[in-house]
Amino acid sequence: MSQIEFYDTRSREQRPFEPLTPGKVGIYSCGPTVYAEQHVGNVRSRLFSDLLKRFLISEGFDVTHVINITDVGHLVSDADDGEDKMEAAAKRAGQTAGEIAAHYTELWRQDAAAVNCLPPEHNPKATDHIEEQIELAKTLEAGGYLYSISDGLYFDTSRFPRYAELAGLDLEGQSEGMRIGITAGKRNPSDFAVWKFAEEGVQRLQEWDSPWGVGFPGWHLECSAMSSRYLGERFDIHTGGIDLATVHHTNEVAQSECGFGVHPWVSYWMHNEFLSMGGDEKMSKSKGNVKTLTDLIDRGIDPLAFRYFFLQAHYRQQQAFSDEAIASAAKGFKRLQKIAAELEAVEGDGSADEQGPYRARFREALADDLNAPRAMAVVWDVARSDSLADVDRRDLMRAFDPVLGLQLGCASTAVSDEWESDPRIDGLLAERNNAREAKDWATADRVRDELAAEGIEIVDSPEGPRWRRK
RNA sequence: GGCGGCGUAGCCAAGUGGUAAGGCACGGGCCUGCAAAGCCCUGAUCCCCGGUUCAAAUCCGGGCGCCGCCUCCA
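Residues numbered from 1 in each chain as written. Chains lettered and ligands numbered in written order. Predicted model: local features only at pLDDT ≥ 70, side-chain atom pairs only at ≥ 80, totals over all residues. Heavy atoms only, no water.

Asker: Before we move on, could you go through the packing of aromatic side chains and cite the residues and values that matter?
Answerer: What the rule picks out here adds up to 16 aromatic pairs. Judged by centre distance (5.4 Å) and plane angle (80°), the rings of Phe 235 and Trp 265 are edge-to-face. Separated by 30 residues along the polypeptide, Phe 235 in strand E9 (residues 235-241) and Trp 265 in the loop between helix H8 (245-260) and strand E10 (266-272) bring together distant segments of the chain. Taking the relative accessible area as the measure of exposure, Phe 235 reaches 1% and is therefore buried. Connected via pairs of aromatic rings, a cluster forms that spans Phe 6, Phe 17, Phe 61 and Tyr 268. Across from the ring centre of Tyr 145, 4.8 Å away, lies the NZ or CZ of Arg 159, which sits over that ring. (Phe/Tyr/Trp six-rings, centres within 6.5 Å; stacked < 30°, edge-to-face > 60°. Helix = DSSP H or I, 4+ residues; strand = E, 2+ residues; numbered from the N terminus. Buried < 20%, exposed > 50% of the residue type's maximum accessible area, 1.4 Å probe, protein only. Lys NZ or Arg CZ within 6 Å of the ring centre and 35° of its normal.)

Pasting the structure below:
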């Protein structure tokens, strides 16, 4: 049995996975900033952390998964100088930041549920952990890592020698280049706000008292504070989108390692690559491109088909998203589901010897840095095998599904809901059938064409004709 | 300017030294009154050039193209 290996961004290599505590794994995943609806790219990140969790559970680990909800402090733009995303969204909608956060948090949870993600053990909100964040800032201040300028309390990144380590940054090269617009008073371009002061005379929707006056926490602080609260001052795996590595995660490391006095703070950094929209096809509603999971659902695509789509590519590879790609995934998923559902009807006991090689190949693919596409190839081998007994195929599908999360073999999602009935259409169908029996092909085909024009597909079968909407 | 990644059949994609997984589409076949649905079969020498090697999609060098990050971003 080969060992589990994961690619770690910090060490830039794939390494055997060894948890800090045998049998247990702590995972912290950077969650959504709840100021807007999440798009399919966000869903990919969510699916990635879920696949990781499901695989580790299948390996027998006791997994604690934490996903944070960012509901304050995430600025719109400009290093540490822009508007708070939550404040901006609230203003636009004429609601409180809390209402905005609650609304989009709920949508995010619905998306996750729709693609069958296991709920996290903890789902903390930044605004519920202001105390912990202030405590951490106090510790950092006592350690001499912070300095205060007009608009906030900043972390002096020159005090942390390993600052550039996680993302392999070349700080000098960066500052010589494109980087412009340094906040006045910052000692180093890479310094970041730990606590922001409320502007004089400006009433924010979200602000709190602190030893440094009224204000709000910097974006990065919440992840350091909340991860330690739920997973301890060191933990096993931290996940997020690849874009977060350079700034957000780099700053988290600085705060945590300096504040907690640990190294390495996180054993494995795992980052998922982006979904690409292909060439000049920017993702935007005005162009009619699909953008959110809801858009997909509105087009009649099963949200689980998006999960299937996700599983077709490796998480560290950019994946091209297009109408054609998601449509082909939906078709493949439907076929697979149908095969699995039919296998559920098989009775009897399988053979461990027969199943062994397939289970091993499946597991090894995932143990190799979560190579889902390779695992899916094994699934299809089983689905289309004519050398395996049906009982064994059934058992294998049942064994694979808890890791894949595709709800294979779940009849209700597969075929049982497929056929519809409606008095008018059923009547037309009967009319066509009568014409067929009379060999009046012209009439029969006319009825079929009429229904097709309504988007209705007739499927003839030994039990008689049935229909469904395309 | 710096950092990172990618370029494999029409599309989505595995594969990092021994001679190209899987899915979708197309085409062909079975079925059908004809179709549809379903089932079966079928396709690539891996962006270009040069090098290393008995052997390279896989290693090295040089190009070309594309993408991400460095400012919020999954």
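Picking up after the structure, the text goes on.
Asker: Explain helix H12 (residues 352-367) to me, and be specific about the residues and the numbers.
Answerer: Residues three or four positions apart in an α-helix share a direction because the helix packs 3.6 residues into each turn. Here H12 spans 21 Å end to end across 16 residues, near enough to the 22 Å set by a 1.5 Å rise per residue. Of the residues making up H12, those classed as buried are Gln 355, Tyr 358, Phe 362, Arg 363, Ala 365, Leu 366 and Ala 367. Buried positions along H12 lie against strand E1 (5-8), helix H1 (40-58), helix H13 (372-383) and helix H14 (390-404). Two residues or fewer after H12 comes Asp 369, characterised by a positive phi angle close to 55°. (Expected span 1.5 Å × (residues − 1). Contact = heavy atoms within 4.5 Å.)

Asker: How would you summarise the pattern of salt bridges if you had to cite specific residues and measurements?
Answerer: Taken as a whole and assessed by the stated rule, the structure comprises 25 salt bridges. As a salt-bridge pair, Arg 363 and Glu 59 come within 3.0 Å of each other at their nearest N and O atoms. Here Arg 363 is found in helix H12, whereas its partner Glu 59 is found in the loop between H1 and strand E4 (62-67), with 304 residues between them in sequence. On the accessibility criterion, Arg 363 (14% relative accessible area) is buried. (Salt bridge = Lys/Arg side-chain N within 4 Å of Asp/Glu carboxyl O.)

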